Amino acid sequence: MFIVLIWYGRNHRAARCFYQSLTVTSLTFAALLLAACASPRGLDSWATEQDWTQARRNAQGFELALLDKRAAGRQETLHVYLGGDGRPWQGRQPARDPTGSSDLILSLLAADPAPALFLGRPCYHLDSMPPACTPDLWTSGRYSEQVLGVLQDALAGIIAARGVRRLTLVGYSGGGVLAVLLAPRLRGLEAVQVLTVSANLDTAAWTGFHGHLPLSDSINPAEQAPSGVSAVHWHGGRDRVVPPTTLTRYLARHPGAQMHWVEAYDHRCCWPELWPQVLQSLPGS
């Protein structure tokens, strides 16, 4: 168990992030932390600033966004980052575009020294919505068989093209749900493991806590049998988006999963600062 005994005396988020950045010796990490406090940026801005390749990946009729740190040659080891749910709803109506800020997940990607890329979810990060993008794909079916099938197909193509043998799926928030559900479906690899941050791993308990509509077309990780895939989960003790009490059933059903608690952290704060330590918690690191 990890407990961070630090009191951040600034309540305003931007000010708090700034003061945290002062404690980080690396200028790169300070820049990442300050970036997390700034206004959300689009994928094109991240691609330009980080010198990443921005592309699209077609899978089962859907176009998925891709941000790639790829160097030349094969990639036997690869980390694939999956973002959160964004903004599925606008008031009482499904959002026309579910894309929210990806700054946190991309800050984590930028801090990862391993070969890594960001893979967007179906219907996210698009300039316009095609007919196939119906609201159920980001509301009740955001973790559905269809969404998982699209991501699985995209990952299979990436794995084959790059000669990947060891894959880590890194998921933030709802992206962690997708990582847990996707990992057992990926075949032909030497090793697959999962790393999540602030993930709502029991979707029924999570929607019940907030009084949200049930995710009736989605698969709930807490109701799945253990898959044998190595999984490491990190969670903040002050997380009010995914309160620790909503994870009880998942942890009971998956006793082999590693859970690390950071008591001073919440749903967003301050994972980029801790990311080197988080990555070191992976088996084999």
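Quick summary incoming for the structure in this document. Note that the coordinates shown come from a computational prediction; the quantities given were computed from them, not determined experimentally.

Remarks on helix α6 (residues 174–182)
At step 1: In terms of residue burial, α6 counts as a mostly covered element, since nine of its nine residues are buried.
At step 2: For α6, the complete set of buried residues consists of Gly 174, Gly 175, Gly 176, Val 177, Leu 178, Ala 179, Val 180, Leu 181 and Leu 182.

A few points about the packing of aromatic side chains
At step 1: Counting across every chain of the model gives three aromatic pairs.
At step 2: Measuring from ring centre to ring centre gives 6.4 Å for Tyr 81 and Trp 275, while their planes differ by 55°; the resulting arrangement is tilted. A residue pair is termed long-range when its members are at least 10 positions apart, and Tyr 81 in strand β3 (residues 77–82) and Trp 275 in helix α9 (residues 271–280) qualify at 194 residues.
At step 3: With 4.9 Å between their ring centres and 80° between their planes, Tyr 265 and Trp 271 make a pair best called edge-to-face. The same class applies to Tyr 265 and to Trp 271, which are both buried.

Comments concerning the state of the cysteines
Joining two cysteines, a disulfide is a covalent bond between their sulfur atoms.
At step 1: Scanning all chains against the criterion turns up two disulfides.
At step 2: Paired through a disulfide, Cys 123 and Cys 133 show a sulfur-sulfur distance of 2.2 Å. One quick way to see it: the torsion about the S-S bond of Cys 123 and Cys 133 is about -95°, and its sign makes the bridge left-handed. Here the residue Cys 123 occupies a position in the loop between β6 (116–119) and α5 (145–162), and Cys 133 occupies one in the loop between β6 and α5, the gap between them amounting to ten residues.
At step 3: By relative accessible area, Cys 123 is classed as buried at 1%.
At step 4: Disulfide pairing is shown between Cys 269 and Cys 270; the S-S distance is 1.7 Å. Here the two residues Cys 269 and Cys 270 agree in accessibility, since each one is buried.
At step 5: Ordinal numbering of bonded cysteines along the protein defines a disulfide pattern of 1-2, 3-4.

Here's the deal with the pairing of strand β10 (residues 258–262)
At step 1: Judged by how many residues are buried, β10 sits mostly within the fold: four of five residues are covered.
At step 2: Here strand β9 (residues 230–236) runs beside β10; their pairing, made up of five bridges, is parallel. Counted as the bridge partner of Gly 236 is Val 262 from β10.
At step 3: After leaving β9, the chain enters helix α8 (residues 248–253) and then returns to the sheet as β10, a path that is right-handed.

Quick notes on the nonpolar core
At step 1: The biggest cluster of nonpolar side chains holds 52 residues, and the ones touching the most others in it are Val 80, Leu 119, Leu 167 and Leu 169.
At step 2: At the level of elements, β2 (62–68), β3, β6, α5, β7 (166–172), α6, β8 (191–197) and β10 are the ones that each hand at least two residues to this core.
At step 3: Of the residues forming this core, the biggest block, eight residues, is contributed by α5.
At step 4: In this structure, Val 80 is in contact with Leu 117, Leu 119, Leu 155, Leu 167, Thr 168, Leu 169 and Val 170, ignoring residues within four places of it in sequence.
At step 5: Core analysis: the second largest hydrophobic core is formed by 33 residues, Ala 65, Val 197, Ala 264 and Cys 269 among them.

Thoughts on the environment of Thr 196
At step 1: With respect to the element layout, Thr 196 can be found in strand β8.
At step 2: With 63 residues separating them along the chain, Thr 196 and Met 259 place their C-alpha atoms 9.6 Å apart.
At step 3: Setting aside residues no more than four positions away along its own chain, Thr 196 makes contact with Gly 171, Gly 176, Val 180, Val 232, His 233 and Trp 234.

Overview of the side chain of Ser 173
At step 1: Structurally, the position occupied by Ser 173 is in the loop between β7 and α6.
At step 2: Those residues in contact with Ser 173, other than ones at most four positions away along the chain, are Gly 84, Val 197, Ser 198, Ala 199, Asn 200 and His 267.

A closer look at the pattern of salt bridges
At step 1: Taken as a whole, this structure holds ten salt bridges when the rule is applied.
At step 2: The shortest N-O distance in the salt bridge between Arg 165 and Glu 76 comes to 3.4 Å. Of this pair, Arg 165 sits in the loop between α5 and β7 while Glu 76 sits in the loop between β2 and β3; the two residues are 89 residues apart in sequence, bridging distant segments of the chain.
At step 3: Overall, the relative accessible area of 36% leaves Arg 165 in the partly exposed class.
At step 4: We note a salt bridge from Glu 190 to Arg 165, for which the minimum N-O separation is 2.5 Å. Taken as a pair, Glu 190 in the loop between α6 and β8 and Arg 165 in the loop between α5 and β7 lie far apart in primary sequence, 25 residues in all.
At step 5: When salt bridges with common partners are traced through the structure, they connect Glu 76, Arg 165, Arg 166 and Glu 190 into a single cluster.

Scoring rules and cut-offs
Residues numbered from 1 in each chain as written. Predicted model: local features only at pLDDT ≥ 70, side-chain atom pairs only at ≥ 80, totals over all residues. Heavy atoms only, no water. Buried < 20%, exposed > 50% of the residue type's maximum accessible area, 1.4 Å probe, protein only. Helix = DSSP H or I, 4+ residues; strand = E, 2+ residues; numbered from the N terminus. Phe/Tyr/Trp six-rings, centres within 6.5 Å; stacked < 30°, edge-to-face > 60°. Disulfide = S-S within 2.5 Å. Pairing = 2+ DSSP bridges. Right-handed = clockwise from strand over helix to strand, strands pointing away. Core = buried A, V, L, I, M, F, W, Y, C linked by side-chain atoms within 4.5 Å. Contact = heavy atoms within 4.5 Å. Salt bridge = Lys/Arg side-chain N within 4 Å of Asp/Glu carboxyl O.

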